[in-house]
Amino acid sequence: MNVVEFLASLSKLDIRLWLEGENLRFSAPEGAFTPEIKARVVGNKSEIIEFLRQAKRLTEAPIEAVSRDLPLVTSFGQQRLWLLDQLNPHDVTYNMSSALRIKGPLNAPVLEKVFATIVKRQESLRTYFKEVDGEPVQCIHPVDRWALHKIDLSDHDAITQQSRVAEEVNKESLTPYDLSVGPLFRARLLVLAEDHHVLIAGMHHIISDGWSMEVLVKELSTLYMVFAAGMPSPLAPLAIQYADYSAWQRQQMSAEEMQKQLDYWQQTLRDAPVVLPLPTDRPRQDIPTNNGAICSADFANDLCKKINSTCSDLGVTPFMFLLGAWQLLLGRYANSVDVVVGSPIAGRSRSEVQELIGFFVNMLLMRIDLSGNPTVKQFYSQVKEMTLGAFSHQDLPIDKLMDAMDIERQPGFPPLAQVAFQLINLQEAKDHSPFGETPVEIEALPTEHVSARMDMLLGIAKSGDCYKASLEYNTDLFDAATVAAMLEQYQFLVQELCADADRNIGDIAIYDATHLLQQLGCDPAQ
């Protein structure tokens, strides 16, 4: 978990950290500041102080609401996604969808009221985009333009219902959005029986992100409970909306601090390789389709313990340790000592935007130098410096960086970074229903379609002291067997990095003898 994600998890527990001069202070409800949280704060104190110092420079003035009588500018991220949509208007790469099977007493009229309240509360859910003088602007539909669509399948037999459910779930992820018309938030309720429903919801990424989906579920849960009990909404009014943030973001670009951040990134990425030359199973097309799949693997319990112990010994976070291992493996595959990996972050350092639905996510570029054959300890000192530097300069939108840098675009390659890494901390996640304490059973339904926005994205889910790796990849480039072998190599490399901090990284293999023989098609037992 990086500093931003850690502070965000503390915020959800109503734990607040701030600076008084150079001293770190906190407030927390009774019992919330556990010994484990205290140890993590102490262990990451320097990183937290640096982050809060940077954030303080950008939070001296509040974000103010802008007039709705004037054109509403887009954020830099929205502008990029709008341009991509202009180039490929039927692309579904940036569709975000989810589906839930709900068994039990569901009050459909209350659910409709809940969605209507959230749509009214969150302008992003009513946003669409028009072109003015060649540039996109945000427009807001009135509340009555949105509706929860209901499909009654209760008269069909079970087999037909199952087929229609699968069809509707995949339809949501594969139906393009018209950014110029909207709505960019859709929801359908399939009625299978009086006590059996399927709820399907989708958004375009231009108005949402992963954090936003959590906000939506939280507000849905809160409102469903109180409305079902005949009580009014307890949610505090939002001080600002996403369009206000977009205007503020553009104003910030003229600030001295943003110029410093731009200078940092231009210096950090000077002469960086345009592409990471990973070998692929098939030739790259000039126009990628972004067809994707996911390969997953749980880390063994003993390896999880080794990771946590090694992080403590090296003075790094699990994010740093696992990111460094990923960069080392990529360097071996690409035969390169200069590796740039993208790392998505929430982009919500401002308190005003914590409860907003919108497109805030930003991408940090982690560039590591693998030359010189350092020891594991020396290598992770570099990784730590790289990571802290990146998070200390996280507020510059990557879109602004791309505009400022003279990047030689390569057909078919995502710019700046083609491979990414993220660590998702599930430690604070609770197994609760979005419908509150009502006696219903909830089951998430998978979709067959996976969009790969990059060549590869390694996601590590951390739950307590355990880790699970999920490698999302572009199926136009890589075979499933290639990716599965790569994930095995990653776990083996992580284990080797845990073994000896004084070992030189160039001496570390990415396969043991057994794995190597298997890859060569030989029987290790012979």
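Residues numbered from 1 in each chain as written. Predicted model: local features only at pLDDT ≥ 70, side-chain atom pairs only at ≥ 80, totals over all residues. Heavy atoms only, no water.

Caption draft 1: View of the overall build of the chain. Looking only at helices and strands, one finds 15 helices and 17 strands in the chain. Computed over its C-alpha atoms, the radius of gyration of the chain comes to 24 Å, within 12% of the 24 Å expected for a compact globule of 526 residues. Principal-axis analysis of the C-alpha atoms places the extent of the chain at approximately 65 × 60 × 55 Å. Residue burial in the chain is summarised as follows: out of 526 residues, 50% are buried. Contacts in the chain between residues at least 24 apart in sequence constitute 77% of all its contacts with a sequence separation of at least 6. Computing the positive centroid from 45 side-chain charges and the negative centroid from 69, the chain places the two 4 Å apart. (Helix = DSSP H or I, 4+ residues; strand = E, 2+ residues; numbered from the N terminus. Rg over C-alpha atoms; globule rule 2.2 N^0.38 Å. Buried < 20%, exposed > 50% of the residue type's maximum accessible area, 1.4 Å probe, protein only. Contact = heavy atoms within 4.5 Å. Lys, Arg positive; Asp, Glu negative; His and termini not counted. Charge placed at Lys NZ, Arg CZ, Asp CG, Glu CD.)

Caption draft 2: Broad picture of the side chain of Gln491. Within the secondary structure, Gln491 sits in helix 14 (residues 480-499). Not counting residues within four places of it along the chain, the set of residues in contact with Gln491 comprises Ala297, Asp298, Phe299 and Leu303.

Caption draft 3: Representation of the pattern of salt bridges within the structure. Following the criterion strictly, the structure yields 19 salt bridges and no others. For the salt bridge of Glu112 with Lys150, the shortest nitrogen-to-oxygen distance reads 3.2 Å. Within this pair, whereas Glu112 is found in helix 5 (residues 108-121), its partner Lys150 is found in strand 7 (residues 149-152), the two being separated by 38 residues in sequence. Assessed through its relative accessible area of 47%, Lys150 is described here as partly exposed. Of the charged contacts in the structure, one is a salt bridge between Asp209 and Arg348, with a shortest N-O distance of 3.1 Å. With Asp209 in the loop between strand 9 (196-204) and helix 7 (210-228) and Arg348 in the loop between strand 11 (338-345) and strand 12 (362-369), the pair connects residues that are 139 residues apart, well separated along the chain. On the accessibility criterion, Asp209 (3% relative accessible area) is buried. According to the relative accessible area criterion, Arg348 is buried, its value standing at 4%. (Salt bridge = Lys/Arg side-chain N within 4 Å of Asp/Glu carboxyl O.)

Caption draft 4: Expanded view of the pairing of strand 13 (residues 419-425). Within strand 13, five of the seven residues are buried, which leaves it mostly tucked inside the rest of the structure. Across seven bridges, the pairing between strand 13 and strand 16 (residues 456-463) is parallel. Across the sheet, residue Ile424 finds its bridge partner in strand 16, namely Ala461. (Pairing = 2+ DSSP bridges.)

Caption draft 5: Quick look at the nonpolar core. Phe321, Leu322, Trp326, Phe421 and Tyr490 are the most contacted members of the largest nonpolar core, which totals 93 residues. At eleven residues, helix 11 (residues 318-334) tops the list of elements feeding residues into this core. The contact partners of Leu322, leaving out residues within four places of it in the chain, are Phe299, Ile307, Phe421, Leu423, Ile460, Tyr467, Tyr490 and Val494. Counting 51 residues, the second largest nonpolar core, distinct from the first, contains Leu125, Leu179, Tyr245 and Val353. (Core = buried A, V, L, I, M, F, W, Y, C linked by side-chain atoms within 4.5 Å.)

Caption draft 6: Just helix 4 (residues 76-87), in detail. Counted at 1.5 Å a residue, the expected span for helix 4 with its twelve residues is 16 Å, and the 17 Å between its end C-alpha atoms agrees. Here the buried face of helix 4 lies against strand 5 (127-132), strand 6 (135-140), helix 8 (242-252) and helix 13 (398-404). (Expected span 1.5 Å × (residues − 1).)

Caption draft 7: Seen up close, the side chain of Gln241. Secondary-structure assignment places Gln241 in the loop between helix 7 and helix 8. By relative accessible area, which is 12% here, Gln241 ends up buried. Leave out the neighbours within four places in its chain, and Gln241 touches Arg68, Arg121, Gln122, Glu123 and Leu356.

Caption draft 8: Representation of helix 12 (residues 376-391) in the model. When the terminal C-alpha atoms of helix 12 are compared, their 22 Å separation across 16 residues agrees well with the 22 Å that a helix rising 1.5 Å per residue should span. Those residues of helix 12 not exposed but buried are Val376, Phe379, Tyr380, Val383, Met386, Thr387, Gly389, Ala390 and Phe391.

Caption draft 9: Broad picture of the sheet that holds strand 9. Taken in spatial order, the five strands make up an open sheet running 7-8-9-4-14, and their pairing is mixed. Single-partner strands in this sheet number two, and they are strand 7 and strand 14 (441-444). Put simply, the sheet's adjacent strands are angled 20 degrees from each other on average, direction ignored. Relative to strand 8 (residues 185-193), strand 7 is paired through four bridges, and the arrangement is parallel. By the bridge assignment, Lys150 is partnered in strand 8 with Leu189. Sheet contacts for helix 6 (residues 158-174): strand 4 (95-103), strand 7, strand 8 and strand 9; angle to strand 8, the most-contacted strand, approximately 175 degrees. Of the strands in this sheet, strand 4, strand 8 and strand 9 are in contact with helix 7, which crosses strand 4 at around 30 degrees. (Axes fitted to C-alpha atoms, helices over the stretch in contact; angles between N-to-C directions.)

Caption draft 10: Broad picture of the sheet that holds strand 6. Taken together, the three strands give an open sheet; going across it, the order is 3-6-5, and neighbouring strands pair in antiparallel fashion. This sheet does not close on itself; its edge strands, each paired only once, are strand 3 (72-73) and strand 5. Examined bridge by bridge, strand 5 and strand 6 share six bridges and lie antiparallel to one another. In the strand pairing of strand 6, Phe129 is matched with Gln138.

Caption draft 11: Representation of the environment of Asp244 within the structure. By the secondary structure assignment, Asp244 is in helix 8. Judged by its relative accessible area of 2%, Asp244 is buried. When the C-alpha positions of Asp244 and Gln491 are compared, they lie 44 Å apart, and in sequence the two are 247 residues distant. Polar contacts involving the side chain of Asp244 include one to the side chain of Arg68, which spans 2.8 Å. (Polar contact = N/O pair within 3.5 Å; in protein donor to acceptor, adjacent residues only side chain to side chain.)

Caption draft 12: The layout of surface pockets, seen in detail. Taken as a whole, the second largest pocket encloses approximately 700 Å³ of empty space. Elements represented by at least two residues in the lining of the second largest pocket include exactly helix 1 (3-12), strand 1 (16-20) and helix 3 (45-58). Looking at the lining of the second largest pocket, the element that brings in the most residues is helix 1, giving six residues. A class-by-class count of the residues in the lining of the second largest pocket yields 13 nonpolar, five polar and eight charged. (1 Å grid on protein atoms, 1.4 Å probe; cavity = no way out; pocket = protein on both sides within 12 Å on 5 of 7 lines; lining within 4 Å. Points joined across faces, edges and corners; volume = space filled by probe spheres on them. Nonpolar A, V, L, I, M, F, W, Y, C, P; charged D, E, K, R; others polar.)

Caption draft 13: Main features of the packing of helix 11 against helix 14. Contact geometry of helix 11 with helix 14 gives a least axis separation of 10 Å together with a crossing angle of 120 degrees. Between helix 11 and helix 14, the interaxial angle falls into the category oblique. Viewed along their axes, helix 11 and helix 14 form a crossing whose handedness is right-handed. Together, Phe321, Leu322, Ala325, Trp326, Leu328, Leu329, Leu330 and Tyr333 of helix 11 and Met486, Gln489, Tyr490, Leu493, Val494, Leu497 and Cys498 of helix 14 make up the contact between the two elements. Of the residues in the contact of helix 11 with helix 14, the class split is 14 nonpolar, one polar and no charged. (Parallel < 35°, antiparallel > 145°, perpendicular 65-115°, else oblique. Left-handed = near helix turned anticlockwise from the far one by under 90°.)

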